[in-house]
Amino acid sequence: MINSLLWTPLVFGFVGLLMPRRYAGWWATLGTAVTLGLAISMVAGFNSGAGLQDTVDVNWIPGLGVDYSLGVDGLNVFLVLLTTVLWVAGTAFAAFREQERPHLFFLMMLLGETATLGSFLAQDLLLFVLFFDLMLVPFYFLFGAWGSDREDGPTAAAATLKMIVYTLIGSLLMLVAAIATAIISAQDGGHLTFSIAELAQHPIGEGSQRWIFWFFAAAFLVKMPAFLLHGWMPDAYRAAPLPALAVFSGVLAKVGAYGFLRVVLPLFPAATVEFQEVILVIALASILYGSVMAFTQTNIRLVAGYSSVAQLGFITAGIFALSADGSDGAILQMVNHGLVVAPLFVIVAILAERSGTEDLREMGGMAVRAPVLAALFLIVTLATLAMPGSANFVGEFYILNGLFDSKIVFAFVAISGVAMSAYYALRLYQRTMHNRKPDSLPSREIGLRDGIVLVPLVLCIIGLALYPQLILKRTDESVQQSVAPATGGGAAKAPNVFTFQEYRGGKR
Amino acid sequence: MNFNAPHIDYAALSPVLALTVGLCVVLLSGVFKPLKRTVPGLTMITLAATAGLLAWRWDNPQDLVSGALRLDDLAISISLIAILTAAFAIFFSTREPAVEEAGSGEYHALLVGSVLGMVLLAQAQNLVTFFVAIETLSIPLYILCATNLRREKSLESGLKYLIVGSLGSATLLYGMALVYGGSGSTDFAGIATGIAKEGVLGDPLVLVGIAMTAVGLAFKTSIAPFHQWTPDVYEGAPSPVTGFMAVATKAAAFAVFIRFFDVALAPQASDWQPALAALAAISIVIGNVGALGQDSLKRLLGYSGVAQAGYILGGLVVASEAGVNAIVFYLAAYAFMNLAAFAVVIARERETVFGDHIDAVRGLGAERPQLAWPLTISMLGLAGLPATAGFIGKLYLIEALVEGDYTWLAVFIAVGTMISLAYYLRVVAAMWMRSESAGAVPAIAGASPEADPIDPEAGRRPYLVVPALLAAAATIFFGVIPQPLVEFAEHAGSSLF
């Protein structure tokens, strides 16, 4: 089951190479739809009390202690679902349009899906690193070969190279750190294993945790991207083809945040506590910087890009509140943000196709003749600014709640981010939909093709707004387990969670 | 009078004998006109027979020739890598102008002679066989580099290699003499006992000797700062020779590097480890930075080879079984990745007027996907991206380094890999992405068109495309299912420790 979920996209991708050119896109969309079906059935069968389930564990490279080990629990189950949903949307959106070299384009899209699902599902540290790095390869090609060159800036190839170098700086250090974790953990007489669960049972010494923590944090913070490490983002976002960018921004950024929950908190609890405030400062800086930049950008992609920086700052803050509430909210918010940002990029693509520009100053007045598009966009906008009633509101509420409990000062600063998000989201909406329409701009209703892509995503947003418990209920238990080592059991509401004291006692 | 002939183990010597006989046969059939066409075939048969005999001796270690040689799994695995590379080089040499210039028989015989040197070097157990073998492998290469007689660069390359290589050999020989003087033995085992009392640092004679030996070996494996010859020689030599040299020489030289340091000097490891670690770090930095600005693909691969040698040297530094395993794994992976790249470079060199300039592969993704894919996989593998053997190789090396308490060197490998992305991905970008400059025909781009006739069909020739695809497929295969190659490498390591 979990194997077929992971490999279906790639298999479809390779078979798709044999398809005639005009069907390549539809074949790929079918592949993502099948994957979505598998993911839905997995979520339907998910038992929120059972911990890790649907597991696969095979010795992959026994000589090096690496296992091919997959599984789902509360941390990743909805991120997997999000991945599959957004990939259907992104692939279908691309399939409706003419692509150069379609075979290769859709192969890369599907390889990207497998790599992303792999990094969510991996339960072996090294397998996680492998999939994490593998995600870069398809997006390198997608951004570089199908991206657009800028006249006043770097070419698509150059922008993509910058992204790859930035991201791999983190990832390669993470590879060293992952290996070091396993070897140091095995030095107390254990056997060499990269299994995340087993490594969590034998935490490494505090001294080693310190540097290893930063190697992992570097990888995850670049991927998000967080403030100071976001240098690759503006160029890459402007170069990227929009269908790929929708899934990239919607899902790949979340892998970084997910990595904190899956790897850093359970494996390096002492360092997490020690550097909690440093990461929180970075997170707050991301919120403030991202929001302010989103106010001032005139390129719509960059408004969305910088707003993502801010939103991911929020998510990071939730995780590093080191309370179950904060992390619950973070996971909910990851799904929410994915569901918001992907339709946002789809709308950006639609707007850009009509106006021939991505500059906010040259847009406006679209709503006049396109009420449906405007309505859909309005829902997305309201969700982005976390209107009460939306799932984003619930997510941010949980995050702030967790943060208030642990670090009240940080919570006060973070609240300003909520207010600022209202500003940039509404500004984006107004500048494109209202205001005076430039004469040259055609204003049409969206066609059926774009509606098919956009409406289901918006329905997901509405559905989640009505019933956010769908996610919260299923993630809570896993989140508590993930946070417990770092909080010294403070977040442990469930009786079966083992506490910091127990682990200290057991160690002696 | 009673004369006791020493016992000769012909079974274990058979690979060396097969190569020697094959060498003579190949050379002689080149002399007779009617047999000339059979030369590449005979060379292949020689290599195949040797490989078969080596595989037959697998897992059956034996001391030979009164302990001067030792045919163990390390020797066999390294020899197999060298033979595989030579076989690829023969495919690449089909229709190579250099072969016509030098004479098919001579060219192929020299190639076999060099392989013979490598097979011997991988088995060397004392300083004398060590030196004889390293010269046997080097001298044919000096000549092979200069076989493209009409190209000035090729001649220059041969001469440069001869001079620098001789300097390396001289240093090596001098060092050996001092080691012998200090330890009183030429045997690796004898050296170990000879210096056990005073250690490496205690006796200046031994210390200088070992340092000079290391420098000599660094010349051969092109480790910085003894790499200056590498880019020039790689660029000038006929490309099939470059491909062979880049992989096989490195593999064989690392085999004896392992035997000398990880076996003979293993008890004094803590004395020499920092020095070699520093060399590895320097090599990683210089190689990767040097490759950044290169427009010639062969020079780029030359500098990349310097950096890769630095990574591999890391496995040697830790002087552990895991380290040797990692080296053998990495060398095998490196062979596949480099051969895929060279196959494509050679095809484009013959197909376009750009020579080995990076413009030769511009737009290759659309024009010749059967060449673009192997080169792409090779570049991604050399850069250590996942799902290639290169990733597993780096994983192996880093694991060995962290285990051996050389985590800082592992971080160096990671940093070096980041720098390397800039030039490996530049090649990938040239193939698949719209280029900034459409690349006008260069006046002279490393090649002189008048000397190299253009073969517009080179990119479809099976003797280039099939090896390229095979090597690329192996790179992916061992990246996804590495276990067979891991076991192969573990055999090599366990034969020493």
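Given the structure is predicted, the values throughout are model-derived calculations rather than measurements.

Caption draft 1: Up close: the overall build of chain A. When helices and strands are tallied, chain A shows 21 helices and two strands. Relative to the 2.2 N^0.38 estimate, which gives 23 Å for 508 residues, the radius of gyration of chain A is 22 Å and therefore close to what a compact globule would have. If you line up chain A on its principal axes, its C-alpha atoms span 75 × 55 × 45 Å. Counting every position in chain A, which comprises 508 residues, the buried fraction comes to 62%. Of all intrachain contacts in chain A linking residues separated by at least 6 positions in sequence, the fraction that spans at least 24 positions is 78%.

Caption draft 2: Representation of the confidence of the model for chain A in the model. All names here are of chain A. With 95% of its residues at a pLDDT of at least 70, chain A reaches an overall mean of 88. When pLDDT is averaged over each element of chain A, helix H4 (residues 102–121) comes out on top at 95 and helix H21 (residues 500–507) at the bottom at 36. Predicted confidence is poor over residues 490–508, with pLDDT under 50, and the contacts of this stretch with residues over four places away or in other chains come to 26 contacts.

Caption draft 3: Broad picture of the pairing of strand E1 (residues 53–61) of chain A. Residues and elements named next belong to chain A. One ladder, built from six bridges, connects E1 with strand E2 (residues 66–72); its direction is antiparallel. Among the inter-strand pairings, Gln53 is bridged to a residue of E2, identified as Val72. The hairpin turn running from E1 into E2, its antiparallel successor, is four residues long, and Gly65 in that turn takes a positive phi close to 75°.

Caption draft 4: Region of the structure containing the interface of chain B and chain A. If you look at the interface, chain B gives 29 residues, while chain A gives 26 residues. Of all elements in the fold, only helix H18 (389–403), helix H19 (407–432) and helix H21 (483–494) of chain B reach the threshold of two or more residues within the side of chain B that touches chain A. Residue contributions to the side of chain B that touches chain A peak at 11 residues, all from H19 of chain B. Looking at the side of chain B that touches chain A residue by residue, the classes come out as 20 nonpolar, three polar and six charged.

Caption draft 5: Here's a closer look at the nonpolar core. Formed by 411 residues in total, the largest nonpolar core has its most connected members in Val176 of chain A together with Ala340 of chain B. With 23 residues, helix H15 (residues 321–351) of chain B is the single largest residue contributor to this core. Both domains that furnish three or more residues to this core are identified here as domain 1 (10–165 + 227–264) and domain 2 (271–497) of chain B. The contacts of Ala340 of chain B, once residues within four sequence positions are left out, are Pro374, Leu375, Ile377, Ser378, Ala468, Ala471, Ala472 and Thr475 of chain B.

Caption draft 6: A look at the domain arrangement of chain B. All names here are of chain B. Along its sequence, chain B is carved into domain 1 (10–165 + 227–264) and domain 2 (271–497). Using only C-alpha atoms to locate each centre, domain 1 and domain 2 end up separated by 21 Å. Each side of the interface is counted separately: domain 1 has 36 residues, and domain 2 has 41 residues. Elements that contribute at least two residues to the side of domain 1 that touches domain 2 include exactly helix H3 (73–93), helix H11 (229–236) and helix H12 (239–264).

Caption draft 7: Layout of H11 of chain B. All names here are of chain B. For H11, the buried fraction is high: seven of the eight residues fall into the buried class. Those residues of H11 that fall on the buried side of the exposure criterion are Trp229, Thr230, Pro231, Val233, Tyr234, Glu235 and Gly236. Looking at the buried side of H11, the elements it contacts are helix H6 (127–145), helix H7 (152–183), H12 and helix H14 (297–317).

Caption draft 8: Here's a closer look at the packing of helix H2 (residues 21–44) of chain A against H4 of chain A. All names here are of chain A. One can describe the packing of H2 onto H4 by two numbers: an axis separation of 8 Å at closest approach and a directional angle of 10°. Between H2 and H4, the angle falls in the class roughly parallel. On the side of H2, the interface is formed by Arg21, Ala24, Gly25, Ala28, Gly31, Thr32 and Thr35, while H4 contributes Pro102, His103, Phe106, Met109, Leu110 and Glu113.

Cut-offs and rules
- Residues numbered from 1 in each chain as written.
- Chains lettered and ligands numbered in written order.
- Predicted model: local features only at pLDDT ≥ 70, side-chain atom pairs only at ≥ 80, totals over all residues.
- Helix = DSSP H or I, 4+ residues; strand = E, 2+ residues; numbered from the N terminus.
- Rg over C-alpha atoms; globule rule 2.2 N^0.38 Å.
- Buried ≥ 20, exposed ≤ 12 C-beta atoms within 10 Å, placed from the backbone.
- Contact = placed C-beta atoms within 7 Å.
- pLDDT = per-residue confidence, 0-100.
- Pairing = 2+ DSSP bridges.
- Nonpolar A, V, L, I, M, F, W, Y, C, P; charged D, E, K, R; others polar.
- Core = buried A, V, L, I, M, F, W, Y, C linked by C-beta atoms within 7 Å.
- Domains from an automatic or database assignment.
- Axes fitted to C-alpha atoms, helices over the stretch in contact; angles between N-to-C directions.
- Parallel < 35°, antiparallel > 145°, perpendicular 65-115°, else oblique.

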